[in-house]
Amino acid sequence: MDSLLNLDQQVLLTLNQSVDQSSIAGKLFGFVAVGAIYLLMAILVVAWFMPIVRAQAYRLMLIRTGGGASIAWLVVTKALGTLIHRPRPLEDMAGVREFLFHRQSYSFPSDHATFLFTLAFGFLIAKNRPLGWIFLVGALLVSAARVVSGFHYPGDILGGVVVAGVVVGIMNLSRTRSLMDRYIGSPLVKLAAHLRLA
């Protein structure tokens, strides 16, 4: 276990110290680490309003996938973070350079990685390849940038990928899908239609 933790720290330090935070690359990594998730969320909003998305089954898939990602992020990562409470590299290791200010909180698992990989896996399993690939590439870029920026260890990202896989697996069990669609998805689609958002 100690050798894995040492490897985790060595990879982080190598990546973190390979980029000068004041360079263009450093600023780009900083932006991707913090801001790219908002661009990806804008893609979801656009996907909801696209004319080809008007089918209820497609909107239910968007709600189910977004709901699974929200559960993974707001429930599972928070619970694991509280139980494991691994400090962020900036708080725990000497030599890690801070690209941007980041609030102190747990490091494992990465909530950004968990959320984005849950969306990517969910869309890919739902056979929505365009959104799946967009979010998979986005998840990889954001995750790499968060390691380079010193916010997370590589193991935190891998933990997020595992959590995402487990949550997507559970969310795609036929009984879970049926319950989500019946009690959450369909009422939200009806509400959106009533508010003229669908």
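Here the structure is a predicted model, which is why all the values come from computation and not from measurement. (Residues numbered from 1 in each chain as written. Predicted model: local features only at pLDDT ≥ 70, side-chain atom pairs only at ≥ 80, totals over all residues. Heavy atoms only, no water.)

### Let's talk about the packing of helix α5 (residues 111-125) against helix α6 (residues 129-148)
So, point 1. Interhelical geometry of α5 versus α6 gives an angle of 160 degrees and a closest axis separation of 7 Å. With respect to their mutual orientation, α5 and α6 come out roughly antiparallel. Viewed along their axes, α5 and α6 form a crossing whose handedness is left-handed. Along its contact with α5, which presents His112, Ala113, Leu116, Phe117, Leu119, Ala120, Phe121, Phe123 and Leu124, the element α6 presents Arg129, Leu131, Gly132, Trp133, Phe135, Leu136, Gly138, Ala139, Leu140, Val142, Ser143 and Arg146. (Axes fitted to C-alpha atoms, helices over the stretch in contact; angles between N-to-C directions. Helix = DSSP H or I, 4+ residues; strand = E, 2+ residues; numbered from the N terminus. Parallel < 35°, antiparallel > 145°, perpendicular 65-115°, else oblique. Left-handed = near helix turned anticlockwise from the far one by under 90°. Contact = heavy atoms within 4.5 Å.)

### A short note on a nonpolar patch on the surface
So, point 1. A cluster of nonpolar side chains, Val45, Phe49, Leu179, Tyr183, Ile184, Leu188, Leu191, Leu195 and Leu197, forms an exposed patch at the surface whose accessible area comes to about 820 Å².
So, point 2. Those elements that place two or more of their residues in the nonpolar patch are α2 (24-49) and α8 (174-194).
So, point 3. Of all the elements, α8 adds the most residues to the nonpolar patch, at 5 residues.
So, point 4. Assignment of secondary structure puts Leu197 in the segment after α8.
So, point 5. Under the relative-accessibility criterion, Leu197 is labelled partly exposed at 41%. (Patch = residues over 30% accessible without salt bridge, like charges linked within 9 Å, V, L, I, M, F, W, Y side chains within 5 Å. Areas by Shrake-Rupley, 256 points an atom, 1.4 Å probe, with all protein chains shown as cover. Salt bridge = Lys/Arg side-chain N within 4 Å of Asp/Glu carboxyl O. Buried < 20%, exposed > 50% of the residue type's maximum accessible area, 1.4 Å probe, protein only.)

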